[in-house]
Every structure is written in structure tokens, then in C-alpha cells.
Amino acid sequence: MTVSSTLGPWRRRHLLWLLLSCCLSVSLTDDQQGQRPAFASAESTVTVQEGETARLPCVVLHLGDKSVTWLRRRDLHILTAGHHTYSADQRFQVVHAEGSDEWTLVVRYSQLRDAGVYECQINTEPKLSRHVMLRVQEPRPPSTVTKTKVFIANNTASTKDGNLRVEIQGPRELYIEEGSSLSLTCLVTSLRGPSALVYWYHDTSLIDYNSPRGGVNLKIDRGRGETTTRLVVSSVGPGDSGMYSCVPQGSHPATVLVHVQK
């Protein structure tokens, strides 16, 4: 005969309640002693100029055996998990020193399209997360660009000390048909490292990097100190004729004259 069979219904329920209370007490004590992961206070909004490096902070206390993941909220794209980067865009990486509580998402050469909400996430159950807003501001046009300089057609330029050289590849004047696409490639070479800020102008108007008609693509080669930027304008019309200038920060512009013909 078992012990439970010798007890009345009330005594069995009382014994069961005691056992559950004991287990619940042990569970709560373990959680308190284990110190579950938690976020410490950190900056929730980061503002940088276009081309600068953005550092989005995330401070996690008592991480233990859990891991930290950074993702972009607008498309839920996972950027980093632990120490690993899962984005094809090499400008993104996580920085974490051994023994530190900081898991910082670094965005190098920030662009206007990088602006938005990013999420730092801990894989607890349920998941813990905090949001960081990144604001990317468009820098002021460089003071080296003036109307006088823009209207001088010269597809090469350099600084006086020769440390920085700009060239729009191809002839100084282009003749293209109306309705076709304009494509210009500019190579910036610098002995002091590649230029992160390169602007394109149509006459005196700054061209948007993310223009719906094509925009600007930027490729940086650190080893050679080269920055290659390509401007595309689709379905050109008579209003697209004029002077196009490639202007790295701190240098005179290289320019070409474009004629759109019917």
C-alpha cells in the first residue's frame, strides 16, 4: 500500500500544494541568483553626417550563454549575430571587446539610405530587444564648388600637392541621344586613403545618390586608396544637357559637358 493511498483527499491536495510551492520557490531563487540578461542604459538616437562612421551602442548585462543579434527593422534583415556578420554589405560589423558588456554595431561610410531603426536583440525566452535610431544627415556642399569652376570643362583635376587626383573617364564632351541613358564614371585617387565623400553635380545642382532615374554608386578600394563612383541618368531629355561635375571633398571638380540630341 502506497503512502498516497493512506491519505485522505484533503491531505493529498495539501501535500501537492506544498511540493509545488517548494519547486516554485527554488525556481525563483535560481532566476535571482542567475541574474537574467538585461539592457543597460545607452544612447537611443545616433546622428552622423553622410560618409561618417556611425556607432550604435547596445550594453547587455549578465549575458551568460546567450547571444546578441543586430537587425535592421525596416526589412528585418539580420546584420550580425554574436561576433559574426551576416550582411553582404561589408560596411556593417559588430565590435565587442572580450569581457566587455558593449555590443556596438558599426556602420562605416554611412549613407542616407542607412537611416532608420536598428534592433539589438538577446535570444532569451521571450526575446529581449531595444531599438536605436540612426539619423544620417546630408553634408553641406563643399566650398570648393563655385559657379565659375563648374562651367570650366576639364575631366581631370588634382590638389596642388598632388595627393588627390580626380578623373571622369572618357572625353571632355559627350553627345548622346534623347531617351538613352547617361553613364559617367569618376575615379578618385588619394595618397591619404580613399575619399568617402564624393559629390556629383549637374551644373550647380547637387545630384541625389538615390535618384529614381539611376542615382550614384560608390565603390571604395582601401588598398589602392581609390574611390570609384558611377553616375547613371536614365531616359535623358534636353533638360539633362549641361555640365556634370565629380567633386571629392577637399578637391577641385572634374567636369564633362553633355549634349542631349534628338
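The model shown is predicted, which means the values in this text are computed figures rather than measured ones.

J.: Before we move on, can you summarise the pairing of strand 15 (residues 182–190) with the specific residues and values?
T.: The side chains of a regular strand alternate between both faces of the sheet. Bridging between strand 13 (residues 164–168) and strand 15 involves 5 bridges; their strand directions are antiparallel. Looking at strand 15, one finds that Glu167 is bridged to Leu187. Examined bridge by bridge, strand 15 and strand 19 (residues 226–233) share 8 bridges and lie antiparallel to one another. Residue Thr185 lies in a different strand from strand 19, and its bridge partner there is Arg230.

J.: Tell me about the state of the cysteines, and please be specific about residues and values.
T.: In the structure shown here, the tally under the stated rule is 2 disulfides. What pairs with Cys58 in a disulfide is Cys120, and their sulfur atoms sit 2.0 Å apart. What sets the handedness of the Cys58 and Cys120 disulfide is the S-S torsion sign, and at about -80° it is left-handed. Remark: Cys120 occurs in strand 10 (residues 116–122) and Cys58 occurs in the loop between strand 3 (54–56) and strand 4 (60–61); sequence separation between them is 62 residues. Take Cys120: its relative accessible area is 0%, and that puts it in the buried class. Between the sulfur atoms of Cys186 and its disulfide partner Cys246 the distance amounts to 2.1 Å. Taking the torsion about the S-S bond as the criterion, the Cys186 to Cys246 disulfide, at about -85°, is left-handed. Of this pair, Cys186 sits in strand 15 while Cys246 is found in strand 20 (residues 242–248), placing the two residues 60 residues apart along the sequence.

So, how was this worked out
Residues numbered from 1 in each chain as written. Predicted model: local features only at pLDDT ≥ 70, side-chain atom pairs only at ≥ 80, totals over all residues. Heavy atoms only, no water. Pairing = 2+ DSSP bridges. Helix = DSSP H or I, 4+ residues; strand = E, 2+ residues; numbered from the N terminus. Disulfide = S-S within 2.5 Å. Buried < 20%, exposed > 50% of the residue type's maximum accessible area, 1.4 Å probe, protein only.

Note that all results are geometric; they support no functional claim without further evidence.
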